[in-house]
Every structure is written in structure tokens, then in C-alpha cells.
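Architecture and fold: a report
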Amino acid sequence: MKSFKIPYKVDSTNKSMLLELRRMQSIVIRTAYNEYFEGNNNVKSIKAKIASYSNIDLPATMILYGIIEGKAIFDSEKVRKEGLKKQYQDKLDELEQSFEKIKKGRSKNKTFKCRKILKRLFFTKKKLIDVDKHRTVFGSRKSFFDRIKNKISKEEWMNARLNNLVVFGDTLHHGNRHCRLDMENRTLVVKMGRNSQKIILHLYFHFY
């Protein structure tokens, strides 16, 4: 799969509508991620939970895209955690070997060196145990702590937590049922339903 980033221009009305779509789908993505993190792999159950939200008004397909994205973030984080755990385990093995070597040696600073390694062993073991407890902070940890310290406003924090709108193409709909690329006018038209208002993005891109 290939991804492309294309700059676009949008007027204030279309921008507001696009932001609202992003806000709603971002809630779906965060909900799906948290459900997978807590061990809930049942898509129907996740859909039912999202259906109970009064602040979500999205087509079923857009909700599904959000759930898929939430799982993708969770899976990516899981792979990263496995890599971290291997790093910590390798470090523990290295420290334990060094500890045994110092114990058997006759160094004048033997006691000091042993204490130093034991301290490092303790903190490395703690990091290894805590890896699985860490979860993604949507909007970044920096923005989260900036908000706690009142360095950024609530609105800035909410904007930082917005995900890009997620859509997937499929052969049946010759792309995506909610998005249409107008190559002649260089626009991307986003429409959630038959009676929904169109969101028009003007693309800075030349088609050949």
C-alpha cells in the first residue's frame, strides 16, 4: 500500500465540517484502541459501545475505518513493546553476567560495584515489567503534560488529539464511497451520505 501527502486549501465552512468529522472519528479511534488495550477483540462489542455515544454521527463504514485504525495503532504499539522488552531483557542478562563476574573477583571496590549493578538491575527489571502498562497518549505526552501545567489551552489540547480522517478504498466502489477525486478540477470531494453536505478540498497537485 502506498500513501501520499498532498497539500490542500479549504474555506472556513468546509474546514469546520472536516474538523467535526475528524473529531468524531478520533473518538472512535481512541475508543477502539482502548478496547483492544483492555483485551476486547470483539468488533461487534466495540461498535455497540460507540453506538451508545450521543456525540458520534458517522456512517457505519467511517466507524469501521476508525476501529481498523485504532487496532492498527494498538498492533504497532505491541510490536514496539516487544522490541523494548527484548532490549531490556538483553540488558538484564548483561548486567547479571557482570554481577557474577564482580562477585567472583577480588576488586577493592567490589561492594560498591555490586551495589551499583544491583541498582541498575532493579530499575531495568522495573522498566521491563512496566512496558505492557504503557499506552498511547493521543496528542503526544508532551502536549498532555503541557495541558496539565496550563502551558496550552483546552482547545489546543483537543486539536492535538485529532487524528487525520481515515478512509480505505475498495474495488466495489472504485475507490471509496465517501471520497471522490475530481482530477479535472483538482478537488477531493468528501460526502458522508446521500443527504449530507459536500466537503470540497482543493488540491495543490498536477495530474498527468
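Here we summarise the structure given alongside this text. (Residues numbered from 1 in each chain as written. Predicted model: local features only at pLDDT ≥ 70, side-chain atom pairs only at ≥ 80, totals over all residues. Heavy atoms only, no water.)

**Digging into the side chain of Arg-22**
Here Arg-22 lies in helix H1 (residues 12-37). Not counting chain neighbours up to four residues away, the residues in contact with Arg-22 comprise Leu-162, Asn-163, Asn-164 and Leu-165. (Helix = DSSP H or I, 4+ residues; strand = E, 2+ residues; numbered from the N terminus. Contact = heavy atoms within 4.5 Å.)

**Overview of the packing of helix H2 (residues 43-51) against helix H3 (residues 60-104)**
For any two helices packed against each other, the geometry comes down to the angle between their axes and how far apart the axes lie. One way to put it is that H2 packs onto H3 with a least axis distance of 11 Å and a crossing angle of 120°. Regarding the angle of H2 to H3, the classification is oblique. Here the hand of the crossing between H2 and H3 comes out right-handed. Note on element contacts: H3 touches H2 through Ile-63, Leu-64 and Ile-67, opposite Val-43, Ile-46, Lys-47 and Ile-50. Residue composition of the contact of H2 with H3, grouped by class: six nonpolar, no polar and one charged. (Axes fitted to C-alpha atoms, helices over the stretch in contact; angles between N-to-C directions. Parallel < 35°, antiparallel > 145°, perpendicular 65-115°, else oblique. Left-handed = near helix turned anticlockwise from the far one by under 90°. Nonpolar A, V, L, I, M, F, W, Y, C, P; charged D, E, K, R; others polar.)

**Considering the sheet that holds strand S1 (residues 8-9)**
Across the sheet, four strands lie side by side as S1-S4-S3-S2; this open sheet has antiparallel pairing. The open sheet terminates on both sides in strands that have one partner only, identified here as S1 and strand S2 (179-182). In the packing of H1 onto the sheet, contacts are made with S1, strand S3 (187-190) and strand S4 (199-203), and the angle to S4 comes to roughly 110°. (Pairing = 2+ DSSP bridges.)

**With respect to a nonpolar patch on the surface**
On the surface, Phe-144, Phe-145 and Ile-148 cluster together into a nonpolar patch covering about 290 Å² of accessible area. By relative accessible area, which is 54% here, Ile-148 ends up exposed. (Patch = residues over 30% accessible without salt bridge, like charges linked within 9 Å, V, L, I, M, F, W, Y side chains within 5 Å. Areas by Shrake-Rupley, 256 points an atom, 1.4 Å probe, with all protein chains shown as cover. Salt bridge = Lys/Arg side-chain N within 4 Å of Asp/Glu carboxyl O. Buried < 20%, exposed > 50% of the residue type's maximum accessible area, 1.4 Å probe, protein only.)

**Description of unusual backbone geometry**
Across residues other than glycine, the phi torsion is negative in most instances, and most of the peptide bonds are trans. Of note, the phi angle at Ser-140 is positive, near 85°, even though the residue is not glycine. Relative to the elements of secondary structure, Ser-140 occurs in the loop between helix H4 (110-130) and helix H5 (141-148). For Ser-140, a relative accessible area of 32% gives the class partly exposed. The backbone of Arg-186 shows a phi angle near 55°, a positive value even though the residue is not glycine.

**Some details on the side chain of His-178**
For His-178, the location among the structural elements is in the loop between helix H6 (154-160) and S2. Of the residues examined, His-178 reaches a relative accessible area of 5% and is grouped as buried. A polar atom in the side chain of His-178 sits 2.5 Å from the side chain of Thr-61. A distance of 3.3 Å separates a polar atom in the side chain of His-178 from the backbone oxygen of Met-192. With sequence-adjacent residues up to four places away left out, His-178 is seen in contact with Pro-59, Thr-61, Met-62, Tyr-65, Val-189, Val-190, Lys-191 and Met-192. (Polar contact = N/O pair within 3.5 Å; in protein donor to acceptor, adjacent residues only side chain to side chain.)

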